[in-house]
Every structure is written in structure tokens, then in C-alpha cells.
Amino acid sequence: MSDIVLDVRNLRVEFPTRKGVLTAVDDISLTIRRGEILGMVGESGAGKSMTGMAILGLLEPPGRIAAGSIHLSGDRIDNLSDREMQQVRGRRIGAIFQDPLTSLNPLFRVGDQLVETIRLHTDLTKAQARERAKDLMREVGIPAVEERIDNYPHQFSGGMRQRIVIALALCAEPELIVADEPTTALDVSIQAQITALLKRLCRERGTAVMLVTHDMGVIAETADRVAVMYAGRLAEVGAVEDVVRRPRHPYTAGLMGSIPSLRSDVEELQMIPGAMPRLDAIPSGCAFNPRCAHAGPKCRRDIPRVEGTQAAACWLATEGAVA
Amino acid sequence: MKIRPNAILEVDGLERRFDVSAPWLNRVLERKPRRTLRAVDGVDFIIQRGQTLALVGESGCGKSTIARLVTGLHAPSGGSVKFHGDRDRMQMIFQDPFASLNPRWRVGRIIAEPLRTLRPDTPDAVVAARVDELLRTVGLSPSDGQKFPHEFSGGQRQRISIARALAGEPEFLVCDEPTSALDVSVQAQVLNLMKRLQKEMDLTYLFISHDLSVVRHMADVIAVMYLGRIVEIQPTKDLFANPLHPYTRLLLDTIPDLEAPKRDRTPMGGEVPSPVSPPSGCSFHPRCPLAFDRCKVERPQRRAEVHNRRVACFACETGAAATGLKETADV
Ligand SMILES: Nc1ncnc2c1ncn2[C@@H]1O[C@H](COP(=O)(O)OP(=O)(O)OP(=O)(O)O)[C@@H](O)[C@H]1O
Ligand SMILES: Nc1ncnc2c1ncn2[C@@H]1O[C@H](COP(=O)(O)OP(=O)(O)OP(=O)(O)O)[C@@H](O)[C@H]1O
Ligand code: SF4
Ligand code: SF4
Ligand SMILES: [Mg+2]
Ligand SMILES: [Mg+2]
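Participant: Explanation requested: the packing of helix 4 (residues 126–139) of chain A against helix 7 (residues 188–205) of chain A in the structure shown.
Facilitator: Axes are the key here: two packed helices are described by the angle between their axes and the distance separating the axes. Residues and elements named next belong to chain A. For the pair helix 4 and helix 7, the least separation of the axes is 11 Å and the interaxial angle reads 120°. Between helix 4 and helix 7, the angle falls in the class oblique. Judged by residue contacts, Arg132, Leu136 and Glu139 of helix 4 engage Leu197, Arg200, Leu201, Glu204 and Arg205 from helix 7. Considered class by class, the residues forming the contact of helix 4 with helix 7 number 3 nonpolar, no polar and 5 charged.

Participant: Can you walk me through the pattern of salt bridges in this structure?
Facilitator: Two side chains carrying opposite charge are able to pair once their charged atoms lie near each other. Tallied over the full model, the rule gives 43 salt bridges over all chains. Arg200(A) serves as the salt-bridge partner of Glu204(A), at 3.5 Å between the closest nitrogen and oxygen. Of this pair, Glu204(A) and Arg200(A) both sit in helix 7, 4 residues apart, which is roughly one turn of that helix. According to the relative accessible area criterion, Arg200(A) is partly exposed, its value standing at 27%. A salt bridge links Glu58(B) to Arg287(B); the shortest N-O distance between them is 3.9 Å. Of this pair, Glu58(B) sits in the loop between strand 3 (52–56) and helix 2 (63–71) while Arg287(B) sits in the loop between helix 9 (246–254) and helix 10 (293–297), and the two are 229 residues apart along the sequence.

Participant: Mind showing me how you'd approach the packing of aromatic side chains here?
Facilitator: For any pair of aromatic rings, the description consists of the separation of the ring centres together with the inter-plane angle of the planes. Counted under the stated rule, the structure contains 7 aromatic pairs over all chains. Each ring, one from Tyr230(A) and one from Phe288(A), has its centre 5.2 Å from the other, and the planes form 85°; the classification is edge-to-face. Taken together, the residues span a long stretch of sequence, with Tyr230(A) in strand 9 (residues 225–230) and Phe288(A) in the loop between helix 10 (250–257) and helix 11 (297–301) at a distance of 58 residues. The pair formed by Tyr230(A) and Phe288(A) is uniform in burial state, with each residue classed as buried. With centroids separated by 4.6 Å and ring planes inclined at 55°, the aromatic side chains of Tyr226(B) and Tyr247(B) adopt a geometry described as tilted. A residue pair is termed long-range when its members are at least 10 positions apart, and Tyr226(B) in strand 8 (residues 221–226) and Tyr247(B) in helix 9 qualify at 21 residues. Residue classification places Tyr226(B) among the buried residues on the basis of a relative accessible area of 2%. Residue Tyr247(B) is classed as buried on the basis of its relative accessible area of 0%. Positioned above the aromatic ring of Trp105(B) is the side chain of Arg109(B), whose terminal nitrogen or guanidinium carbon lies 3.7 Å from the ring centre.

Participant: What's the story with the domain arrangement of chain B in this structure? I'm lost.
Facilitator: All names here are of chain B. For chain B, the assigned domains are domain 1 (7–85 + 171–259 + 271–330) and domain 2 (106–169). One C-alpha centre belongs to domain 1, the other to domain 2; they are set 32 Å apart. Each partner contributes residues to the interface: domain 1 has 13 residues there, and domain 2 has 10 residues. The junction of domain 1 with domain 2 conceals about 860 Å² of combined surface from both sides, 73% of it contributed by carbon and sulfur atoms. Together, Val190, Leu193 and Leu197 form the three largest contributors to the area buried by domain 1 at its contact with domain 2, with a combined 37%. One can count 0 salt bridges joining domain 1 with domain 2. Scanning the region where domain 1 abuts domain 2 turns up 3 residue pairs in polar contact (both at pLDDT 80 or more). In terms of residue count, the dominant contributor to the side of domain 1 that touches domain 2 is helix 6 (residues 184–201) (8 residues). Of the residues contributing to the side of domain 1 that touches domain 2, the split by class is 10 nonpolar, 1 polar and 2 charged.

Participant: How should I be thinking about the sheet that holds strand 4 (residues 64–72) of chain A in this particular structure?
Facilitator: Within a sheet, adjacent strands bond to each other through the backbone by hydrogen bonds, running parallel or antiparallel. Residues and elements named next belong to chain A. Taken together, 4 strands build an open sheet; the order of strands is 2-1-4-5 and the sheet is antiparallel. For this open sheet the edge positions go to strand 2 (20–33) and strand 5 (75–76), each flanked by a neighbour on one side alone. Relative to strand 4, strand 1 (residues 4–17) is paired through 7 bridges, and the arrangement is antiparallel. The residue of strand 4 that forms the bridge with Glu14 is Arg64. The strands touched by helix 1 (residues 48–56) within the sheet are strand 1, strand 2 and strand 4, with strand 1 carrying the most contacts at an inclination of about 110°.

Participant: Sorry, what's going on with the environment of Val21(A) here?
Facilitator: Residues and elements named next belong to chain A. Looking at where Val21 falls in the secondary structure, it is placed in strand 2. Sequence spacing of Val21 and Gly63 is 42 residues, and the spatial spacing of their C-alpha atoms is 9.8 Å. Among all residues touching Val21, those that are not within four sequence positions of it are Glu14, Phe15 and Pro16.

Participant: Can you help me understand a nonpolar patch on the surface in this one?
Facilitator: On the surface, Trp24(B), Leu25(B), Val28(B) and Leu29(B) cluster together into a nonpolar patch covering about 480 Å² of accessible area. Assessed through its relative accessible area of 49%, Leu25(B) is described here as partly exposed.

Participant: How do you make sense of the domain arrangement of chain A when you look at a structure like this?
Facilitator: One frequently used descriptor of interface size is the decrease in accessible area upon assembly of the parts. Residue and element names in this part refer to chain A. Domains assigned within chain A are domain 1 (4–92 + 172–261 + 268–319) and domain 2 (99–171). Inter-centroid distance (C-alpha atoms) of domain 1 to domain 2 is 29 Å. Taken together, the 17 residues of domain 1 in the interface contact 14 residues of domain 2. Interface area lost by domain 1 to domain 2 is led by Ala172, Leu197 and Arg205, which between them contribute 31%. For the interface between domain 1 and domain 2, the tally reads 2 salt bridges.

What counts and how
Residues numbered from 1 in each chain as written. Chains lettered and ligands numbered in written order. Predicted model: local features only at pLDDT ≥ 70, side-chain atom pairs only at ≥ 80, totals over all residues. Heavy atoms only, no water. Axes fitted to C-alpha atoms, helices over the stretch in contact; angles between N-to-C directions. Helix = DSSP H or I, 4+ residues; strand = E, 2+ residues; numbered from the N terminus. Parallel < 35°, antiparallel > 145°, perpendicular 65-115°, else oblique. Contact = heavy atoms within 4.5 Å. Nonpolar A, V, L, I, M, F, W, Y, C, P; charged D, E, K, R; others polar. Salt bridge = Lys/Arg side-chain N within 4 Å of Asp/Glu carboxyl O. Buried < 20%, exposed > 50% of the residue type's maximum accessible area, 1.4 Å probe, protein only. Phe/Tyr/Trp six-rings, centres within 6.5 Å; stacked < 30°, edge-to-face > 60°. Lys NZ or Arg CZ within 6 Å of the ring centre and 35° of its normal. Domains from an automatic or database assignment. Buried area = accessible area lost by both parts, 1.4 Å probe. Polar contact = N/O pair within 3.5 Å; in protein donor to acceptor, adjacent residues only side chain to side chain. Pairing = 2+ DSSP bridges. Patch = residues over 30% accessible without salt bridge, like charges linked within 9 Å, V, L, I, M, F, W, Y side chains within 5 Å. Areas by Shrake-Rupley, 256 points an atom, 1.4 Å probe, with all protein chains shown as cover.

Dropping the structure here:
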């Protein structure tokens, strides 16, 4: 069997509303291998979290997967019942969100939450599970574990809480971790600690990680491959060095140019005119065409697609012409 | 850097403490002492007219409190803020462009308000013309004045806040994380606008951000804060070419760099301590790779003999920082 852990094909997520059906995620295909970190970037509203939630089976109704398939190590998971999916989430997929308090119960000691999760997924006794919880806390870098294990979530700092959430996500030794903006609320020094931790765990355990963030810097330092989203679709995928240094899609290039540099001086930052379209007003053809300096008639007519693992959804990049 | 000997703002020994004690009854019953949080703990800086001074530092280091002290929203607990300009022409731009705009007012009225406050007798037609002009200045159209804030995107709302601030004919703008809630492409639009306006109108900015690359792009002078104090203050170029304080160095070493990613970094250890019970001596000493005995008992000051008051650190006084940190930073 191949080492592909996550295989998403032609995924579409829709939200039926009074005004009509909104498509938040449109025709997304991607794979993540064992031990690989895939970064998902894009601006606010691009559909990054919706993609992650669809994979986790946590879409809030009426949101639903309208097309496509999701396979986890060969097993199809997008058509499971809620109960089956709950099992998969606990055992095979771990989740880490921006706010650690969404994953922690404020009324229970963190040790008890870890022990409960471990026992749900293993045959360990209570005492054994408690030892395992301590090991996990040490592994994610909580100091003075013997004292901290009986603390409540509010007694930890934001960075320490996020470490506990990572420990929780690891309890069942999942094949895949979906981390949605895990460091966005944290200070840079703590952010660096958490991403270093994620990287180490992924390397040591061979866990596949989907890292959702809007921070290109974090992606550049953490991810092996990147998927850039725009208006619910994939704009570009590729190895991180390629996408950052030699972006093929005009949107990715614009995004990179708009970030102030730590090295060179420019009087004016590069600007992408306009803003990302709302879901109820996605332009025909290439969704980026109203903001693109290269747009031609073909761009307004036909939707470009990402083909393969190293590509841009752009007529100029793929066919060299937009007429 | 263009040094001009006319300070518009002088901040001297500024302090702000907050009482964070438990309620009186709990305190009596549980015999807990009164507790004080030192949000700003002896801060000095000067801003020259037409320049941008940036405050950077991690969450809770006191940046917003300084902004509120400078604009008069808080009273100092000690020290002074001297503003050598027209107080009525000091404006503030906040991080959250939505919360700071009245949702029930049309954008035109929001923008007109500071103008009406500044010059109450201005005829309506003049106000309306000025609002149209301001909307154009920030890249919106006069017809946008008829809309409500919720009809705009985050970046457009921040432009509305800027237009409102400009309506007060400011000479001095306090900008507290003006682009932190925005996407990078929108941030670029707002930062470019702010730079252009500064040049055209000779504005002075106190610019607050936790993002060092944004600050590098915007500021003439950067003050790095840690736990309520300025640990280092330097012209932007010098700060990046030759950071002095161990905290600044670790910070510069920690921020992800798109152009030269450090994929196997060893991050700075530890966390920012609580400002309610800060460490003794130099408050950075528990995380500092260069800390020595003196750092635990005595608090370093910025002194004229040490790099011309640019840094508060004992290791910089002895020169240990110049040699010592390179080796220890990788630990
Ligand atoms: N319940 C809902 N009903 C309709 N549309 C929704 C709903 N929830 C989210 N959306 C829309 O789906 C789109 C994608 O949202 P998503 O949360 O995936 O964005 P994102 O890329 O994660 O952005 P951010 O960086 O802001 O987190 C957005 O346009 C959002 O407004
Ligand atoms: N009104 C208040 N009462 C009590 N404590 C306060 C008050 N305002 C601020 N503080 C505290 O003062 C310290 C400095 O806060 P401040 O908001 O100035 O930090 P900041 O540098 O702006 O942080 P951030 O980057 O998170 O905005 C923090 O510990 C904060 O909790
Ligand atoms: S397909 Fe056309 S509009 Fe879209 S990014 Fe490429 S050139 Fe621009
Ligand atoms: S004074 Fe001492 S502890 Fe503080 S930064 Fe300098 S060397 Fe480090
Ligand atoms: Mg999101
Ligand atoms: Mg603040």
C-alpha cells in the first residue's frame, strides 16, 4: 500500500441559504503522505477551515459535503455516520484549533481529560493511562508535570494550553492531525515553540499534518508542501520552496509581494487591487480574474484547474495564453 | 534617518499601574494582599515631528496602555507625557475597524464627526465636500458615504477609520495594531496609504504592532518592549543591522523569515512572566542566555555611556553581549 494518508478528491462543500446555495469549497483535490506537513494558506474566507472541517466531519449543518470523496489510508470516510466518524476522529484523526479552550473542558483537570481520552482509545487501566498522560505532557514540553497534571485549563498560559491540546490530539496516535491556525493567537516566541513541537512529532511518529494558517512565514518554516486557496478553490499547490520563491499563480505572487520583507527595503508594498469576492458573487471563469493584471477573455470564460502535485490553476501558467 | 530637532511628543518615566486585587470581601476572608499590575513601568521616548516611532513586543508588554496614556484615555500613575502640538489634532486608529465604527451611522456621518467637533460652525455643504474628498483620499468613492459600516470589508473599514482620523486634521496619529486584523494583501493597501498620507501631510505616527516586518517597513525608530519597559530603542536600520538586547536578538531570530526560512530552529525557551509578579532585577533574566548574578538583583537602565541610551542590559555594558550571544543563541 502507498504511504498516502489523506486523499481528498474533488471535494465540494455547500451551504444552502435562503438566497441560494453557496459553495464554500469547490473542487479541491489534495493528498498528504506519512510524515508530511501540508500547509493550507489563503486569505480570510478562502475556505481553508471549511476544508479542514469537512475532513474532520465537523461541518455545521446546513453545511455539507456536496461532491467528491475523502479517503484516510485507503478507507473512505466522507460517507460515514456521525457515530462512526466520531470514532475516526478520536482514533485516527487528531484536531487542533486556534482557541485551545474549544478542545478543553474548563471544568475538568487536564490530567483527567487526558486519562479519559487515552482510556477511550486503549485498554490501559486508569493508573497506566495516568502514566501515559504524564509521558505525553512531558513530550509536548510541559514543565513540572507531576504538579501540573492536576491543574485546570485556566491555570495554564495560552501556549501551555495549546501544548495540552496537542497532547490530547496525540492520545490515540492518530495517522492525521488537522491543525487549524494552531499558533495564530500566540506570541511569536511561543508560536515558534509550538511549530517546532508539531514538526518534531510529525517527524518522529510519521503523522501526516494538515496545517491551516494565513501566515506565510509559518508555512515557509514548517510545511513540506503548500496548497494556496482562493475563493474556495485551489490556486496553486507545490513544494514549499517553489511556491514561496517561484510562485506560478499571479495571486500567490501578489500575496508574496505584499508581505513586508525583513531584508530588503521598498518604498511601496506590492498591492493586489480589490478584495476576495464574497461567496454569492464569485466571478465566472478564474475567480481571480477581476484582480489579475494578466486576465484575458479565456480567464473570464473557463475555470482553470490545478492538475497534479506541482501546479497552478492559471491559464497563463499552464497554456501561456489567455486569449 | 532624518533627525529633526523638534520633538512633538516627549514621554518621561511613564508608569501605569492597575489594581488587580480580588474583591474586597474575598481579600479579607482569604487574607490575600492587594495586588498591583505594572502595565507600564518607567518608559521614556521622544518622537520627532514627521517621523514614525514604533512600539513592538509580545502580548501584554504594555503597548496599548502606552497608546491610551498618550491619547489621554488613561491617566499616568507616574511620569509624564508632554505633547508639543495641538491636543485636538491628535487622533487614534484602533486594531478592530468594526468595533470602532458606530454601526448605526452612515459612513459619511462617521467621517464628518471629528470635523464637526473641531470646527462646529462649518457649513453642511463644506463638511459634505470634505467627506467626499477624504473618501477619495483613502481610495473609496463619495457614494460610499451613504452606506453603513457592515457593508464594507475589513480593509475598507480600516480605510474608513483612517478617513475619520484624517477629518480631525491630525498632526499626530496613534495607530494601535492598525493592520493586525487584516489579510496581507489588504494590509499592504493600508500601509501604503498610511505612508503616502504621512509624506503628503507631514504626519507623525506612534505605530504599535507585534509584527516586526511591518514595523521595519513603517518606522524610523523602533522601541522594543518587554514586561512594561523599553529594553531597546534604535533607528530601524540599526536595530536590524545590530540588535543589542538579548531579547531583541532572540526575537529577530525567532520570527519566521519568508526569504530565508530556518527550518530546524531551536526556539527561545520559556514564556513572558506575569506583570503582577515580575522577576527580580532584569525581568528578562529567567529567559536570558547571558544572565549573570547581577541581573537577578539589579534592574538595568538605559544609560548614556552604554550605546548612547539605546539598550537596558548589563551584558551590553560589559561587552559580553557582543561575543556571548552568538554561541548561546543556538542552544
Ligand atoms: N455557516 C455558514 N453559512 C454560510 N457560509 C459560511 C458559513 N460558515 C462559513 N461560511 C463561509 O465559507 C467561506 C469559507 O470560510 P472558512 O472559514 O473556510 O474560511 P478560512 O479560509 O478558514 O478563513 P479565515 O482565515 O478567516 O479563518 C467564507 O466565505 C465564509 O463566510
Ligand atoms: N484596565 C486594565 N485593568 C487591569 N489590567 C490591565 C488593564 N489594561 C491592561 N492591563 C494589563 O496590562 C498589561 C499590558 O496590557 P496592554 O494591553 O497594554 O498590552 P499590549 O502590549 O497592548 O498587548 P497586546 O499585544 O496583547 O495588545 C497586560 O498584562 C494587561 O492584562
Ligand atoms: S487564469 Fe487568467 S485571471 Fe486567472 S490568474 Fe491566470 S491569468 Fe490571471
Ligand atoms: S541585564 Fe542580564 S538578564 Fe537582562 S538582558 Fe542583560 S544579560 Fe540578560
Ligand atoms: Mg479559518
Ligand atoms: Mg494591545
